[in-house]
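Reading the structure
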Amino acid sequence: MQKNNLDIHGLLKDFKSNKELNNFINQIKKRGIEMMLQGEMDDHLGYQKNENTDHPNSRNGYSNKTIRTSLGETEIRVPRDRDASFSPMIVPKRENVVDGLKNIIISLYAKGMSTRDIEEQVREVYGFDVSPTTISRITDRMTEDILVWQNRPLEEVYCIVWMDGIVFKVREDSRVVNKTIYIALGLRLDGKREVLGLWLGKNESASFWMSVLTDLKARGVKDILITATDNLNGFTDTIRSVFPDSKTQICVVHQIRNSCRYVSWKDKKAFTSDMKNIYRAPNQQSAKAALEDFAKRWESKYGYAVKSWRDNWEELTVFLEFPVEIRHIIYTTNLIENLNGKIRKDTKNKLSFPPDDALMKSVYLAVAEAT
């Protein structure tokens, strides 16, 4: 093993420049692709080169083809057969971009770069042109992957499912409108997190979440122990209509923000300190007592905040039924908001999206990068 390392080191020293080294690696890659094409032809015909056979189809020389890889352009020899039925997989007909470069293009697209930006990046880094049409064709192939992913079977039971929506601007009928990507993130029984799906709709509403929950059930989900949501009007009833045994936890962080919305800055420190006694309580009874103390001090001045806690009490305190160690991940939607933050970071370069498919592709790729 040590001798091989020394040989490689000596070989690399013989190259006078990075360009020579890249050319050498490119030749190795060229030879590897041509050998794989020969293997594909052997499999297609059912016999190897120079083997005696009475097969009606046979090899018929080569055609030259210029391909583009992450190392630059190179010309390869593609074997042909007499009845022209050979269709190679590694370098498909009418295509000249090899998978390594395709992955780079898809990765740049996932970072929110436009097809024009990707075209310029490839030209600058690799020294050749890839048209916006070719880039669009490469990214369009993800549509089938998204469809398969969106319809895959799910686990029967999830410990927690966090649900939230992100609003994007989409160009539609010569105008820009708001549309929402609905996201569900599940915690499985084995402790792994899984993005259950992405759904595109209009502004976030309980009625659309009904279709999301129905889709989850159709894909095999039988029970969700806890659903964690923001305080969207009617959301809890929607969840119960599809998963009647699920307990719904309204995000306490959202509740705190809403409660503090109209609080005077001079009261805010004392106000939030008293409110903290509610959700930091050791049990339901102590939390209820803390709420009453909170109400005595603040109800006359900020009655809307106290009323909000009382109106949503059952959904706000589900987490108190569980051990202290896991309460934090139940009473906040931080996990899904972190995912949303990564999605926004990867899509921030686009002020608005063209048709819905472009938005779905970008968000799907951002999710894939994040997970």
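Above this text is the structure in question.
Throughout this document, residue positions are counted from 1 along each chain, in the order its sequence is written. Residue-level local features of this predicted model are given only where pLDDT is at least 70; pairs of side-chain atoms are given and counted only at 80 or more, and the full residue set underlies all totals for whole chains, interfaces and linings. Water and hydrogen atoms were dropped before computing side-chain values, which therefore reflect all heavy atoms in the structure.

1. Considerations on unusual backbone geometry
In this structure, alanine 84 takes a positive phi of about 55° despite not being glycine. Within the element layout of this structure, alanine 84 appears in the loop between β2 (72–81) and α3 (99–110). For helices the rule is a DSSP run of H or I covering at least 4 residues; for strands it is a run of E covering at least 2, with both sets numbered from the N terminus onward.

2. Section: the pairing of strand β4 (residues 175–188)
Along β4, 11 of the 14 residues are buried, which leaves the element largely enclosed by surrounding structure. We treat two strands as partners when DSSP finds at least two bridges between them. Two elements, strand β3 (residues 157–172) and β4, share 14 bridges in a ladder whose sense is antiparallel. Residue pairing for β4: aspartate 164 is matched across the bridge by isoleucine 183. Taking the residues between adjacent antiparallel strands as the criterion, β3 and β4 are bridged by 2 residues, where aspartate 173 takes a positive phi near 55°. With 8 bridges connecting them, β4 and strand β5 (residues 193–201) associate as antiparallel partners. Note that in β5 the partner of leucine 185 across the bridge is valine 195. Between the end of β4 and the start of β5, which pair antiparallel, lie 4 residues, with glycine 191 showing a positive phi angle near 90°. Here the term buried applies to any residue with accessible area under 20% of the maximum for its type, exposed to any over 50%, and partly exposed to those in between, with areas from a 1.4 Å probe on protein chains only.

3. Here's the deal with the pairing of strand β6 (residues 223–229)
Among the 7 residues in β6, 5 count as buried, and that is most of the element. In the sheet, β3 pairs with β6 via 5 bridges, with the strands oriented parallel. Looking at the pairing, valine 157 lines up with aspartate 223 of β6. When β6 meets strand β7 (residues 247–250), the two strands line up parallel, connected through 4 bridges. The residue of β7 that forms the bridge with alanine 228 is glutamine 249. Looking down the strands as they point away from the viewer, one classifies a crossover as right-handed if the path from the first strand across the helix to the second runs clockwise. Each parallel crossover has a hand, and for β6 linked through helix α8 (residues 235–242) to β7 it is right-handed.

4. Concerning the environment of leucine 339
Of note, leucine 339 is situated in helix α15 (residues 334–347). Residues leucine 339 and alanine 370, 31 residues apart in the sequence, show an inter-C-alpha distance of 7.0 Å. Note on definitions: a residue-residue contact is assigned when non-hydrogen atoms from the two residues lie within 4.5 Å. Other than its neighbours up to four places away in sequence, leucine 339 contacts Ile183, Val195 and Ala370.

5. Concerning the packing of aromatic side chains
Two rings from Phe, Tyr or Trp (for Trp, the six-membered ring) form a pair when their centres are within 6.5 Å of each other. A pair whose planes differ by under 30 degrees is stacked, one over 60 is edge-to-face, and the rest are tilted. Summed over the entire model, instances satisfying the criterion amount to 11 aromatic pairs. With 4.8 Å between their ring centres and 55° between their planes, phenylalanine 319 and tyrosine 331 make a pair best called tilted. Here the residue phenylalanine 319 occupies a position in the loop between α13 (313–316) and α14 (324–331), and tyrosine 331 occupies one in helix α14, the gap between them amounting to 12 residues. We note that phenylalanine 319, like tyrosine 331, is buried. Following the ring pairs from residue to residue traces out a cluster consisting of Tyr182, Phe208, Trp209 and Phe235. The rule for a charge over a ring is simple: NZ of Lys or CZ of Arg within 6 Å of the ring centre, and within 35 degrees of the ring normal. The side chain of lysine 217 reaches across the aromatic face of phenylalanine 243, ending 5.6 Å from its centre.

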